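Each chain, written out:
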Amino acid sequence: MSATPDDLQYCEVAPDDDQFAFNAALAYNLSLDEARRVQQTAASDVRGLYRNGRLATQCVLHPLRVAHGGGGTIPVGGIGMVATPPEARRRGYVARLLRDVCDELRRQGTPLSILSAFKESFYRRYGWATFYEARQFRGAPAFFAAFRAQQAGAWVRLDDSPSAVTELDAIYRSALRGRFGPLERPTTWWQTRLLRSNEGSSRWAYVWRDDAGHGRSYVIFHIEHSEQGRVLQCREAVALDPQARAQIFAFFAVFENQCVNVVFNAPADAPVQTLMPDPLQCAMTPGLMLRIVDVPQALEAYSFPQDVVGRLTLHVIDDWMDHNNGIFALEVEGGGARVKRLDTEVDADICCDVRTLTQIYSRYVRPRTAAAFGLLDVRARTALALFERLFAGLAPYASDRF
């Protein structure tokens, strides 16, 4: 437990503190029973800020790992279920809670924090930044009819057993390899967050297996009612290769007499429209927000291209976490990095704030693009070229919420 000068105390919330359930129920339109289940499920991951012994604001701190795009993962603290009772709002309690959470993560050696924002501008002021976009596609099942000619193999309905999760997870990890952002998903995460809705109802899960019996794509979805009619809402649709992807579209087509629309998401750089005989409706939606909690730790945990060798100096500006302010020497070789804090008198090659660095780190914004839009102050063109090579790769993507 940590105490602050104004008698605020940051600590783990006890499982029997019913104020957490009341706060969560009010903030997220849950029943008290649903909010209590969240509290019991999260258990030791629940954090709160107390004032005079009463819970003033709260969150769930998920210990997660995020793919860095190089075949491995980085520890990340997922912040969810942030809630403050009405009588305690607009007093700066959430800002204090976020800072205490970040301090805890840094002590643990967790260099990143991730969250789903109710209002992006609120979290942006504290250093979080949107780190990917998803394209949401919508179209009638008839739009996918042409893919029926490519049908092969068989679709098989799955339950939520550990063996089913193992098959889904293998496809998920392989299909999204090379991207920054996908979360490492334990079995219980699949069972409670992918194969079930937030309200606890089951979703449908189907895997496509080729003629040799190998699972190569899957669809997780539910059918919802709208004013126009029934809609197939995909929680996730993932494929390993073009043939497996065509099977997903053929699967959508068989709902022609049942649904008026199919809705699914894809990474921002996925050329879905090029595959379609006629274009689908498409909207770009912002994804989760990411924050670098500790700059040296984050850079040293990253996976850089194996063939890139070089050194540059980077001036980071962080107006909320003073330990991130400063000039750092970044030396990269063999896919790894060494980071050293330098004297503040040094004239750095590149300067940016922590939000821009976060978006470059995730590959959401290319360094040259950031420089062209005034987000990156470049004093050495060779350093910019090196920065560009260090953070090259596929667009980031994730599809989890918490």
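Everything numeric in this text was worked out from a predicted model, so none of it was measured. (Residues numbered from 1 in each chain as written. Predicted model: local features only at pLDDT ≥ 70, side-chain atom pairs only at ≥ 80, totals over all residues. Heavy atoms only, no water.)

Turning our attention to the sheet that holds strand E12 (residues 215-225). Spatially, the seven strands line up as an open sheet ordered E9-E11-E12-E13-E14-E8-E15, and their pairing is mixed. Unpaired on one side and paired on the other, strand E9 (154-158) and strand E15 (281-286) mark the two borders of the sheet. This sheet shows a mean twist of 25° between the axes of neighbouring strands, independent of strand direction. Pairing between strand E8 (residues 133-139) and strand E14 (residues 261-267): six bridges, direction antiparallel. (Pairing = 2+ DSSP bridges. Helix = DSSP H or I, 4+ residues; strand = E, 2+ residues; numbered from the N terminus. Axes fitted to C-alpha atoms, helices over the stretch in contact; angles between N-to-C directions.)

Below, the discussion takes up the pairing of strand E11 (residues 204-209). Looking at chain direction, E9 and E11 are connected through five bridges and run antiparallel. Across the sheet, the residue bridging to leucine 158 is alanine 205, located in E11. Bridge count for E11 against E12 is six bridges, and the pairing is antiparallel. The residue bridging tyrosine 206 from the neighbouring strand is valine 219, located in E12. The loop that links E11 with its antiparallel partner E12 comprises five residues; one of these, glycine 213, has a positive phi angle of about 90°.

Strand order in the open sheet formed by five strands is E19-E18-E17-E20-E21, with mixed pairing between adjacent strands. Single-partner strands in this sheet number two, and they are strand E19 (336-342) and strand E21 (377-378). Inspection of the sheet shows strand E18 (residues 326-333) paired to E19 by seven bridges, in the antiparallel sense. The partner of glutamate 333 across the bridge, within E19, is glycine 336. Its contacts with the sheet place helix H10 (residues 354-361) against strand E17 (310-317) and strand E20 (350-353), and it is angled at close to 105° to E20. Contacts from helix H12 (residues 381-390) reach E17, E18, E20 and E21 within the one sheet, and its direction differs from that of E17 by about 90°. (Contact = heavy atoms within 4.5 Å.)

Right, let's get into the side chain of arginine 291. One can find arginine 291 in strand E16 (residues 289-292). Of note is the side chain of arginine 291, whose polar atom sits 2.7 Å from the backbone oxygen of tyrosine 126. Looking at arginine 291, its side chain comes within polar contact range of the side chain of aspartate 318, at 2.9 Å. Once residues lying within four places of it in the same chain are set aside, the contact partners of arginine 291 are Pro111, Leu112, Ser113, Tyr126, Gly127, Trp128, Asp318, Trp320, Met321, Asn324, Val354 and Thr358. (Polar contact = N/O pair within 3.5 Å; in protein donor to acceptor, adjacent residues only side chain to side chain.)

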